[in-house]
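In case you want the letters, here they are:
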Amino acid sequence: MAKYGMLIDPNRCTGCNACRIACQMQWSLEPELNFNWLEEHLEGKYPNLKRVIVPMQCQHCDNPPCQTVCPTGATYKREDGVVLIDAEKCIGCKYCVSACPYGARVINAAGIPEKCSFCAVHVANGSTPACVSTCMSEVRVFGDVSDPNSEISRQIATLGAVNIKGTSMYYVPPREMGMDVLPPECVNPTYLGVLKNISQPASKGILGLAAAAIATGIVTNKIIERSSKNDETN
Amino acid sequence: MKTISRRSFLKITAATGAAIAASAGSVKDFKAFAEEIEDTEVTKIPSLCNGCSSYCGVWAYVKNGRLWKIEGNETHMKSRGKICARGHGVAYNIYDPGRVSQPMKRVSDNNFQPITWEQAFQEIGGKMKDIVEEHGGDKVVWATHGGKESYAQKFLDVLGSDNYITHYATCFTAKTNIWDKMCGGMFNPDFDQAKYIVCAGRNYAGGVMPAAMKRISRAKAEGTKLIVVDPRFCELATVADEWIPIRPGTDLALFLGIAHTLVSENLYNYNFIEKYTYAFDEFWKYNRDFDAEKAAEITGIPADKIRELARGLAQNAPQAFLDPGYHGLYAHYQNSNETAMANIVVNALLGNFWQDGGLFPAASTTFGQVEETYYGSKAAKGSRADGAGVSREYPLVEPSRGIPQRIPDMIEKGRAKIVFFYSYNPLRSAPEPEYQKKIKNADLVVSIPYDWNETSLYTADYILPETHYLERTEHPKVINGNIYWPSAQIATRFKALTAATSTLPLLEILQGITTAYGIENLYGFTVEEELEAALAPHGISPDTLKEKGCLELLPSVTAKEEGLSFNTFTKKIEFSIGAWKMEGLLGVPTWVPPLVEPREANEFRLIHGKQPWHSHIMTTNNPYLMAITKEKNGTFMWMNADRAKELNISEGETVTVKSELATKQVQVHVTEGLHPECVWLPSTYGTFSEKLVNGYNQGVNYNDFIPARVDEKTGHVMGQECIVTVSKGGK
């Protein structure tokens, strides 16, 4: 069984945003719905500057908090590592949106919290994820990390990429900045599972609002911390 | 720029999701999408992107008669399998609500009446006939963005007009004109084998060419050094080994300083200079005192750094080059021409012409011609309405490029009576829009756009909407230039989608107009016949081209040591331009200062550049690309942090920007990444056609602030010879 992963080299990214719109086209998304995005970090004082642009998306966590809090099992993780959503089981409670440590979920017009699927359906048909294939600077490599001979495995070794702990993602350490610009490791606190039980909705459409509020409080701290780093970005 | 936090972005998304859904395609969850993929047949048609002059090869994926997505063509030398954000956006423009859906006739100020194609052809043909009979066919002007359109010339030939004018003077004519005069044509950089690259005036990651970035990234991974010289910490500087900010308008001094170091430290390729260049001594006679110290004084770059650049280039030569540049320098300054000259001198001193990792001419090829169907008369050519190449007017300006920024003058002087605009919008893309609006004073203005651009809305008597590029088949193009590739390539556009609106390809529009005008059978062929005839000498069928998308010929331009010949009078690179001397000018480059300088505490030079996700001015109505702009505060004007502090201006604050021509309000991005002497505007924004609702009134455009000037030698607009004052406050 393959184990899918993605390697990202922020040192090659110039911020063109082709990955974002190529993904939007691939998935027929609305203009304001995007499954990937770029976080820019600028440091220094004129004329000595460093800029690193970190491509971000769903990290396809090993033990996904979004799955843990999902009361209906709509969010599931496949054996090959891909985290997906079964829209038919989704009741629109948005716990997953709150629980995601990376802010990777976006809510589509049907009320379903969608996200990057590693283009699993297209990969199964033999193609490459749209964000990978369109990228002019070849920032991204996608593939089977369980196969030591795959392109991604070789590149991870060559470039000294690090696995974001608890996820399917590998990032090359930024040449000019600290590791703290990379996504944090995925932490799935045990109490997240409890939320699902106390909030098990009786039927579709009734939300465990209190539980949602708690979940939101738990995870937003991390995100606020992340976005505050973007004070000087371009 | 403060980036919107992901959290607040999600809130906006959630709130607006429903409203957006109503306007665009259906939203699908993963499972529904997967099922659809299984069930729906997808066709894959090759085309060429219309987002910029790169014409990248694309594959259009079509399902259920609707565009799904595009991907880059693997073979095409400009895309190499990659497509930039603009490319995806321009493809989606097929669903742009700002498209003109059928022919329009102006009935009053900014009011148009939809008419049939037949009525449009008859009225335009009839009016043209009357005007040409009274004033002559040389009063017809065809103004175009340029690129690879090849039909209009036939019409102008019959009419006796020599007025085919492109937008290039607003973009890069100082480069192409000078390279032609000194080297006999353009030479293009070979990234793959270069060891040391200096980019000044060329941001491959902003004015994106995907294959260039792919090749630069790979070269860098192999250890190639990349130095970026730019007043702005641009996108390319992000991945460069070094960013060297330069005082805007002084790149000429840097190049002369590098040249001086190469010569004075004896680092140059003596053999190449002896064998393949002319008038080196004349160059040196006028520049022997212009050393690195002098260059440092002018550019603000330390002399040691200038010498370090020269030595770095020399140590790696011939696998080293100073990039020939593009829009970043070559239409902007009083010294743009001399800057291009000095660029050539530096590269010649490195002896990198026709060398791996250096510079090469474009590989090219020719096509077969469809059989001539017109046997009627052709009027004698009149003189150029813009004076390009005309003695006592602009003798040194290339007529093949022309002077597009002065069309209102041509109209006022009676030199132009009928003006066609094909895929060209000078009201927004040329300087001084209020002046450009006078174009409406022509006897007849016909615009052939795809959307409701400003030129159509404010000046056209008739708007004849062209199909989107994915809706038409075209005659084939030679794919070459801008970056080195050993082989010429052949590609074209094949019709991927049926036009939902009443639009036509240019060939059919010209067939209609010329027939109504009374010219028999000028375009008596279909595009399919033309395609077949063009490809025949290559032994390629249109079907083969359609299957492959892009075909590569055998390599024809590869490295050579001996027997170099340049397409100039002396067959050498001419350091002194003979045509300039004949006009009484000095033939070699020497230091020329910029025309204007900022002096006061609130004065700045206004410079501009491209954002990687917008193409020129034609994507500001694209909802996907404008969503990125909103998220990134993309319309903001950049200002150096120290200067902003002095003026007490903070991030996001609205300020008033004033030049001799215009006063506008814009929000400021305070940054460490900009030279203190300038403010920087993205060149995309300032749409003022209210019919382009997504882009309307978003940001300002540099063209608002600059006069429609003409450089005497190469016709360019001097687009950054503009001082603005910036003051706090505004609406």
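Residues numbered from 1 in each chain as written. Chains lettered and ligands numbered in written order. Predicted model: local features only at pLDDT ≥ 70, side-chain atom pairs only at ≥ 80, totals over all residues.

## Some thoughts on the overall build of chain B
And then number 1: The helix and strand inventory of chain B stands at 24 helices and 27 strands.
And then number 2: For 731 residues, the compact-globule estimate of 2.2 N^0.38 gives 27 Å, and the C-alpha radius of gyration of chain B, at 26 Å, lies within 12% of that figure.
And then number 3: Structurally, chain B occupies a C-alpha span of about 70 × 65 × 55 Å along its principal axes.
And then number 4: Sorting the 731 residues of chain B into buried and exposed places 60% on the buried side.
And then number 5: In chain B, of all internal contacts separated by at least 6 residues, the share reaching a separation of at least 24 is 74%. (Helix = DSSP H or I, 4+ residues; strand = E, 2+ residues; numbered from the N terminus. Rg over C-alpha atoms; globule rule 2.2 N^0.38 Å. Buried ≥ 20, exposed ≤ 12 C-beta atoms within 10 Å, placed from the backbone. Contact = placed C-beta atoms within 7 Å.)

## Here's the deal with the overall build of chain A
And then number 1: Tallying secondary structure elements over chain A gives eight helices and 10 strands in all.
And then number 2: The 234 residues of chain A split such that 57% are buried.
And then number 3: The contacts of chain A with a sequence gap of at least 6 include a subset with a gap of at least 24, amounting to 61%.

## Structural notes on the environment of Thr72(A)
Residues and elements named next belong to chain A.
And then number 1: Note that threonine 72 resides in the loop between α2 (65-69) and β4 (75-77).
And then number 2: A residue is classified by how many C-beta atoms lie within 10 Å of it, and threonine 72, with 16 of them, is partly exposed.
And then number 3: Look past the residues within four positions of threonine 72 in its chain and what remains in contact with it is Lys89, Cys90 and Ile91.

## What about the pairing of strand β3 (residues 48-57) of chain A?
And then number 1: Within β3(A), seven of the 10 residues are buried, which leaves the element mostly enclosed by the surrounding structure.
And then number 2: The turn joining strand β2 (residues 36-45) of chain A and β3(A), which pair antiparallel and follow one another in sequence, is formed by two residues. (Pairing = 2+ DSSP bridges.)

## Here we look at the sheet that holds strand β4 (residues 104-108) of chain B
All names here are of chain B.
And then number 1: Reading across from one edge, β5-β4-β17-β16-β15-β6-β7 is the order of the seven strands in this open sheet, with mixed pairing throughout. With one partner strand each, in any of the chains shown, β5 (111-114) and β7 (164-166) form the two edges of the open sheet.
And then number 2: Across three bridges, the pairing between strand β6 (residues 140-144) and β7 is parallel. Bridge pairing links threonine 144 to threonine 166 in β7.
And then number 3: Of the strands in this sheet, β15 (418-422), β16 (444-448) and β17 (462-463) touch helix α4 (residues 117-135), which is tilted by about 140° from β16. (Axes fitted to C-alpha atoms, helices over the stretch in contact; angles between N-to-C directions.)

## Looking at the sheet that holds strand β13 (residues 320-322) of chain B
All names here are of chain B.
And then number 1: Strand order across the open sheet formed by four strands is β11-β10-β9-β13, with parallel pairing between neighbours. Every other strand in the sheet has two partners, leaving β11 (242-244) and β13 as the edge strands with one partner each. Geometrically, the sheet is characterised by an average inter-axis angle of 15° between neighbouring strands, direction not taken into account.
And then number 2: Sheet analysis places strand β10 (residues 225-229) next to β11, joined by three bridges and oriented parallel.

## Comments concerning the domain arrangement of chain B
Residue and element names in this part refer to chain B.
And then number 1: Segmentation of chain B into domains returns domain 1 (104-169 + 401-472 + 499-543), domain 2 (173-361 + 560-582) and domain 3 (603-728).
And then number 2: Distance from the C-alpha centre of domain 1 to the C-alpha centre of domain 3: 30 Å.
And then number 3: Listed by partner, the interface residues are 18 residues for domain 1 and 20 residues for domain 3.
And then number 4: Only α16 (426-429), α17 (433-436) and α18 (454-459) provide two or more residues apiece to the side of domain 1 that touches domain 3.
And then number 5: By residue class, the composition of the side of domain 1 that touches domain 3 is eight nonpolar, four polar and six charged. (Domains from an automatic or database assignment. Nonpolar A, V, L, I, M, F, W, Y, C, P; charged D, E, K, R; others polar.)

## Things to note about the nonpolar core
Residue and element names in this part refer to chain B.
And then number 1: If you look at the biggest cluster of nonpolar residues, it comprises 266 residues, and the most contacted ones within it are Val141 and Val419.
And then number 2: Look past the residues within four positions of valine 419 in its chain and what remains in contact with it is Val141, Ala143, Ile407, Ile439, Ala442 and Val445.
And then number 3: Of all hydrophobic cores here, the second largest spans 27 residues; its members include Met639, Cys678, Tyr685 and Phe705. (Core = buried A, V, L, I, M, F, W, Y, C linked by C-beta atoms within 7 Å.)

## Looking at helix α13 (residues 303-316) of chain B
And then number 1: End to end, α13(B) covers 20 Å across 14 residues, agreeing with the expected 20 Å (1.5 Å per residue, within 8%).
And then number 2: In this structure, the buried residues of α13(B) make contact with β9 (196-200), β10, α9 (251-264), α12 (292-299), β13 and α14 (336-350) of chain B. (Expected span 1.5 Å × (residues − 1).)

## Section: the packing of α9(B) against α14(B)
Residue and element names in this part refer to chain B.
And then number 1: At a minimum axis distance of 9 Å, the contact between α9 and α14 shows a crossing angle of 25°. In terms of their interaxial angle, α9 and α14 are classed as roughly parallel. The way α9 lies across α14 gives a crossing that is left-handed. On α14, the residues that touch Asp251, Leu252, Phe255, Leu256, Ile258, Ala259, Leu262 and Val263 of α9 are Glu338, Thr339, Ala342, Asn343, Val345, Val346 and Leu349.
And then number 2: Each residue belonging to the contact of α9 with α14 can be placed in one class, and the counts come to 11 nonpolar, two polar and two charged. (Parallel < 35°, antiparallel > 145°, perpendicular 65-115°, else oblique. Left-handed = near helix turned anticlockwise from the far one by under 90°.)

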